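Chains, contacts and geometry: an overview
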Amino acid sequence: MTARNILLGLFALGLISCNSTKKDSNTSETYPDIKVVGAMKNVMWKGELGSSIELDTISDKNGLYGLGPESYLTGELLINNGKSYVSKVTSDSTMSVEKSFEVSAPFFVYTHVAEWEEMELTSEVKTIRDLEQFIDEKTTDYKRPFAFKLEGKVSKAVIHVLDLPQGTKVSSPADAHQEQTDYNLSDEEAEIVGFFSTEHKGVFTHHDSYLHMHLITKDESKMGHLDELEIGEMKLFLPKK
């Protein structure tokens, strides 16, 4: 075989590889363990509020974890171990939380975790910033990005649920969050599902954070995007390497 034929063969393989990658129309970025659909910055700055993914199209729900807002920013979404939750504002102090995969998101990050391993939190880790720094320092040998979760008692927390009025135009983060409702939690048993990345600011984390987290209470009566946190007695779990 001539050198020219070898080069042509490699070129053809490259084309086949590119074409096969494009077949997954729902996924904008795929990593060894994480799938990212859409981007937060396109929602916030370009007003792309419509569906980028229908959650019921994710076929394998075993060990599935994911989070994002509901399309048109009318609620919050969380998939926790194969169960999909949708929260919506019902008043300035109440919300509804329902289980359903019949929902969509303008951006969404998700993964499958077959097995978790506990990483002990030091007593100094109390806030979101503390947690971010701790995870960053302790996972330099992990494949990034990755999912994580915390289980246990939250001393204090603030979560929000988006509730954008129908037809609202969005061209900035202030527009997107203008009708969100904040909920204060204290001494609650809860589970927090999060995603960590140093490379996805504005994609699935905010511009000033490596973390995106949603919290759900143990009784499943409250769920939303986690804005503030004071950790009580909680355990941190990372995907088993």
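The structure we're discussing is the one just above.
In this text the structure is predicted, and so the values were computed from the model without any measurement. (Residues numbered from 1 in each chain as written. Predicted model: local features only at pLDDT ≥ 70, side-chain atom pairs only at ≥ 80, totals over all residues. Heavy atoms only, no water.)

**Digging into the packing of aromatic side chains**
Applied cut-off: Each Phe, Tyr or Trp ring, with Trp reduced to its six-membered ring, pairs with another whose centre is within 6.5 Å; inter-plane angles below 30 degrees give stacked pairs, above 60 give edge-to-face pairs, and intermediate values give tilted ones. Think of it this way: any DSSP run of H or I at least four residues long counts as a helix, any run of E at least two long counts as a strand, and we number them from the N terminus. For every residue, the accessible area obtained with a 1.4 Å probe (protein chains only) is divided by the maximum for its type, and the residue is called buried under 20%, exposed over 50%, and partly exposed between those limits. Two thresholds decide whether a charge sits over a ring: the Lys NZ or Arg CZ must be within 6 Å of the ring centre and within 35 degrees of the ring normal.
As enumerated under the stated definition, the model contains six aromatic pairs in all. The interplanar angle of 75° and the centroid separation of 5.9 Å between the aromatic rings of F196 and Y210 together place this pair among those described as edge-to-face. Taken as a pair, F196 in strand β12 (residues 181-196) and Y210 in the loop between β12 and β13 (211-217) lie far apart in primary sequence, 14 residues in all. The class of F196 is buried, set by a relative accessible area of 0%. Positioned over the ring face of F101 is K61, at 4.8 Å from the centre of the ring. Stacked on the ring of F237, the Lys or Arg K149 has its end atom at 5.5 Å from the ring centre.

**Comments concerning the pairing of strand β11 (residues 146-161)**
To keep things clear, this is the line we draw: Pairing between two strands requires that DSSP report at least two bridges joining them.
Within β11, 13 of the 16 residues are buried, which leaves it mostly tucked inside the rest of the structure. Two strands pair when backbone bridges link them, and β11 and β12 are joined in this way by 15 bridges, in the antiparallel orientation. Bridge pairing links A157 to L185 in β12. Of the strand pairs in this sheet, β11 and strand β14 (residues 223-239) are connected by ten bridges, and their pairing is antiparallel. Within β14, the residue paired with V154 across the bridge is I231.

**With respect to the nonpolar core**
Soluble globular proteins tend to pack their nonpolar side chains together in the buried interior. Test applied: We call a set of buried Ala, Val, Leu, Ile, Met, Phe, Trp, Tyr and Cys residues a nonpolar core when their side-chain atoms join them within 4.5 Å. For this analysis, residues touch if any pair of their heavy atoms sits within 4.5 Å.
Ranked by internal contacts, the top residues of the largest apolar core, which has 31 residues, are L131, F148, L150, L215, L226 and L236. Listing elements by their share of this core, those giving two or more residues are α3 (128-138), β11, β12, β13 and β14. With seven residues, β11 is the single largest residue contributor to this core. Every residue in contact with L215, bar those within four places of it in the chain, is listed here: V154, A157, I159, L185, A190, E191, I192, K222, M223, G224 and L226. If you look at the next biggest cluster of nonpolar residues, it comprises 18 residues, including I34, A39, W116 and F195.

**A look at the pairing of β14**
Of all 17 residues in β14, twelve are buried; the element is thus mostly enclosed. In the sheet, strand β10 (residues 116-119) pairs with β14 via four bridges, with the strands oriented antiparallel. What sits directly across from M119, in β14, is L236. Two elements, β13 and β14, share three bridges in a ladder whose sense is antiparallel. Counterpart to L215 in the pairing with β14 is G224. If you look at the hairpin formed by β13 and β14, you'll find five residues sitting between the two strands, and E220 has a positive phi there, around 60°.

**Examining the environment of D56**
Note on placement: D56 falls in the loop between β3 (53-54) and β4 (64-69). Classification of D56 by relative accessible area gives partly exposed; the value is 34%. The sequence separation of D56 and E102 amounts to 46 residues, and the corresponding C-alpha distance is 6.0 Å. Other than its neighbours up to four places away in sequence, D56 contacts K61, F101 and E102.

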